[in-house]
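Residue strings, one per chain:
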Amino acid sequence: VTLNPMQVYTWGLGLSGRLGHGDEADCNLPTPVDALSGPHVSSVACGGHHSAAIVEPSGHLMTWGGGAFGKLGHGNRLAQTSPKLVAVLQAKKLVAVSLGPHHSAALTQKGEVYTWGQSG
């Protein structure tokens, strides 16, 4: 959830850091994701076990949560408990992101589509 001024809030099951609060604690109430309080967040997406945000003006992608199948895009399968830059896409300006249960997809300003995670 995002509000004005732009702040991302998450709540629910904190397993594998999917809420982005830097730990695996569950949250029963909407809680700000502190790591995203500085940059302007233009888009947020949630998968079954991971989350993502696009920050402006750079169009950089941040992901966090369960890393199974490499779905976070950090080059490994490790969980990430707070938002982390997807470095391999750093040179691209992203405009949209979508997450499935075991994969991720992103669209660049130039119309390029990138996908990663479980291939089915």
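Thresholds, definitions, all that
- Residues numbered from 1 in each chain as written.
- Predicted model: local features only at pLDDT ≥ 70, side-chain atom pairs only at ≥ 80, totals over all residues.
- Heavy atoms only, no water.
- Helix = DSSP H or I, 4+ residues; strand = E, 2+ residues; numbered from the N terminus.
- Buried < 20%, exposed > 50% of the residue type's maximum accessible area, 1.4 Å probe, protein only.
- Contact = heavy atoms within 4.5 Å.
- Lys, Arg positive; Asp, Glu negative; His and termini not counted.
- Charge placed at Lys NZ, Arg CZ, Asp CG, Glu CD.
- Pairing = 2+ DSSP bridges.
- Axes fitted to C-alpha atoms, helices over the stretch in contact; angles between N-to-C directions.
- Core = buried A, V, L, I, M, F, W, Y, C linked by side-chain atoms within 4.5 Å.

K.L.:
Is there a simple way to think about the overall build of the protein chain in this case?
P.N.:
The helix and strand inventory of the protein chain stands at zero helices and 10 strands. Moving toward the C terminus, one meets the helices and strands of the protein chain in the order β-β-β-β-β-β-β-β-β-β. With respect to the principal axes defined by its C-alpha atoms, the protein chain has extents near 40 × 35 × 20 Å. Counting over 120 residues, the protein chain shows a buried share of 39%. The long-range share in the protein chain, meaning contacts at least 24 apart out of those at least 6 apart in sequence, stands at 37%. Charged side chains of the protein chain number 7 positive and 6 negative; the gap between the two group centres comes to 12 Å.

K.L.:
Would you mind going over the sheet that holds strand E8 (residues 94-99) with me for this structure?
P.N.:
The strands making up a sheet associate through hydrogen bonds between their backbones, and the pairing can be parallel or antiparallel. Reading across from one edge, E8-E9-E10 is the order of the three strands in this open sheet, with antiparallel pairing throughout. With partners counted over all chains shown, the strands left at the sheet margins are E8 and strand E10 (113-117), one partner each. Pairs of neighbouring strands in the sheet enclose a mean axial angle of 15°, with direction left out of account. In this structure, E8 lies alongside strand E9 (residues 103-108), joined through five bridges in antiparallel fashion.

K.L.:
Before we go on, may I ask you to explain the sheet that holds strand E5 (residues 50-56) in this structure?
P.N.:
Taken in spatial order, the four strands of this open sheet run E4-E5-E6-E7, and their pairing is antiparallel. Sheet topology places strand E4 (40-46) and strand E7 (80-85) at the edges, where each strand pairs with a single neighbour. Taken pair by pair, the neighbouring strands of this sheet meet at an average axis angle of 20°, ignoring direction. Pairing of E5 with strand E6 (residues 60-65) involves six bridges; the strand directions are antiparallel. If you follow histidine 50 over to E6, its bridge partner there is glycine 65.

K.L.:
Help me out: how do you make sense of the nonpolar core in this one?
P.N.:
Inside soluble globular proteins, nonpolar side chains tend to come together where they are buried. Listed in full, the 11 residues of the largest apolar core are Ala45, Ala52, Ile54, Leu61, Val86, Leu89, Leu94, Val97, Leu99, Ala106 and Trp116. Element by element, the count of residues in this core is highest for E8, at three residues. Beyond its immediate chain neighbours, meaning those up to four positions away, alanine 106 contacts Leu94, Ala96, Val97, Glu112, Val113, Tyr114 and Trp116. In terms of nonpolar packing, the next biggest core, distinct from the first, is built from eight residues, Val8, Val33, Ala53 and Trp64 among them.

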